[in-house]
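# Fold and contact review
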Amino acid sequence: MLKTLVALAVVGTAGAALAQDDQPVTRDRVVYNSNDYVSLIGNLAIPDSGRGTDTFGGNVTFIFGNQIHENISIEGRFTAALLETGRGKGTDFYQYTGGLDVSFSPYDRRDERALTPFALIGILTTADDVAPNSRDDSSIGGNVGLGFVTKPLFHNLRLRAEGRYTYSSFESGYHDYSVGFGFELPLGRDHEQLTVIPAKIETRVVEIVKSVPRQIIDTDGDTVEDAQDQCPGTPKGVRVDAAGCVLPGQLLSLRPITFEANEARLRPNAQSALDVIARGLIAQPNLKVEVGGHASLTGSADETQELSQQRADSVRAYLIEKGVAPDQLMATGYGKKQPKVRRERNDDDRTLNRRVEFRVISR
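The following paragraphs examine the structure supplied in this document. Because the structure is a prediction, the values reported are computed rather than measured.

What the protein contains, in helices and strands, is 4 helices and 14 strands. Expressed as a percentage of its 363 residues, the buried residues of the protein come to 37%. Residue pairs in contact within the protein that sit at least 24 positions apart in sequence constitute 61% of those at least 6 positions apart. Total accessible area on the protein stands at roughly 20,700 Å², and carbon and sulfur atoms take up 58% of it.

See below:
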């Protein structure tokens, strides 16, 4: 009795010490639930000398953009410009321009790097209003440009700067330039709290009934000792019933089998994980497993479907080579329909989506 009380006291002290290290840790991170952004830019206009205006003018541009890829955006813009003629009141030159641009960047413009450069090219249509004479007309044209956006300055508002060359087919054709500074605001920004719960360390006091306890042998580590285990050789991390047999319908909780981008060839570390799975399947020949192949979100649906099927076939072929019966395995490609990470922000996210998983069908 005294020994039991001493043991309980020791366990209680250890549990109190471990409790401090067992508290959840919460971190705050920024996520985006929209690919849209808006920009407002004031520009210094440098018109073609053939227009008969002053050397400089000004315009204001509003942009609505959608980031269709981490490196590509589509931008619709509207610009209102005033070019001074220098000939007195009522003789100014007005322009109203609508256009559609494609913007290219080497980085994701929503990342919080100091500067993210971009280049753009697009088409436009312009309504030219020349007061007071009757030279008014509409025209089409195109533009190219270079610029950059900064990291967030405050409340996710970013500085945007750009320079453009514009060609207009108005009259005999004009070549205009502009340089502008303004702000860009990504939409749909949220703060998400990520909570990490440390693994709990349980301490139990076991009362010893016999002076020499019976040795418990559980070779496959499924918590069912070998004497009662009707399905020996269960892979690690798989849930079993009271008889030690694998429960159907579950996704096997094993180390992910991942691939390089656009590859279906197995990595060496994946082969070592598959060797463990092969031994478990050989030990339980009645176990039926689906090998599910998955791809990252980049690329077309047809391409990712084909690549994911190749990955599933590659894993199935490797397991059969290791001695698993072919009728135990079914390979299915899911393409990008079941991503682990629904918004890929970096290479780590894409690697998690380029994977093969195993699901127990029946036994």
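Time to look at the nonpolar core. Core analysis: the largest hydrophobic core is formed by 23 residues, its most contacted members being Ile257, Leu266, Leu274, Leu281, Val315, Leu319 and Phe358. When contributions to this core are tallied by element, the ones reaching two or more residues are α2 (268-283), β12 (288-293), α3 (301-321) and β14 (355-362). Per-element tally for this core: the top contributor is α2, with 6 residues. Not counting the four nearest positions on each side in its chain, Leu319 is found in contact with Leu274, Ala278, Leu281, Val324, Leu329 and Phe358. Ala45, Val130, Phe170 and Tyr174 belong to the second-largest nonpolar core, a separate cluster that totals 6 residues.

Turning next to the side chain of His294. Mapped onto the elements of the fold, His294 is located in the loop between β12 and α3. Residue classification places His294 among the buried residues on the basis of a relative accessible area of 2%. The residues touching His294, leaving out its near neighbours within four places in the chain, are Ser308, Arg311, Tyr334, Gly335, Gln338, Asn353, Arg354, Arg355 and Glu357.

Before going further, it helps to examine α3. The terminal C-alpha atoms of α3 lie 30 Å apart, and with 21 residues this matches the ideal 30 Å at 1.5 Å per residue to within 8%. Among the residues of α3, Thr304, Leu307, Ser308, Arg311, Ala312, Val315, Tyr318 and Leu319 are the ones counted as buried. The buried residues of α3 occupy one face: seen down the axis, they fall within an arc of 135 degrees. Within α3, the exposed residues directed more than 90 degrees away from the buried face are Asp302, Glu303, Glu306 and Glu321. Tucked inside the fold, the buried residues of α3 contact β11 (257-258), α2, β12, β13 (329-333) and β14.

Time to look at the pattern of salt bridges. One pass over the full model with this rule turns up 18 salt bridges. Salt-bridge contacts for Glu357 lead to Lys340; the nearest nitrogen and oxygen are separated by 3.3 Å. In this pair, Glu357 sits in strand β14 while Lys340 sits in the loop between β13 and α4 (347-353), placing the two residues 17 residues apart along the sequence. Judged by relative accessible area, which is 13%, Glu357 ranks as buried.

Reading guide: rules and limits
- Residues numbered from 1 in each chain as written.
- Predicted model: local features only at pLDDT ≥ 70, side-chain atom pairs only at ≥ 80, totals over all residues.
- Heavy atoms only, no water.
- Helix = DSSP H or I, 4+ residues; strand = E, 2+ residues; numbered from the N terminus.
- Buried < 20%, exposed > 50% of the residue type's maximum accessible area, 1.4 Å probe, protein only.
- Contact = heavy atoms within 4.5 Å.
- Areas by Shrake-Rupley, 256 points an atom, 1.4 Å probe, with all protein chains shown as cover.
- Core = buried A, V, L, I, M, F, W, Y, C linked by side-chain atoms within 4.5 Å.
- Expected span 1.5 Å × (residues − 1).
- Arc of directions from axis to C-beta.
- Salt bridge = Lys/Arg side-chain N within 4 Å of Asp/Glu carboxyl O.

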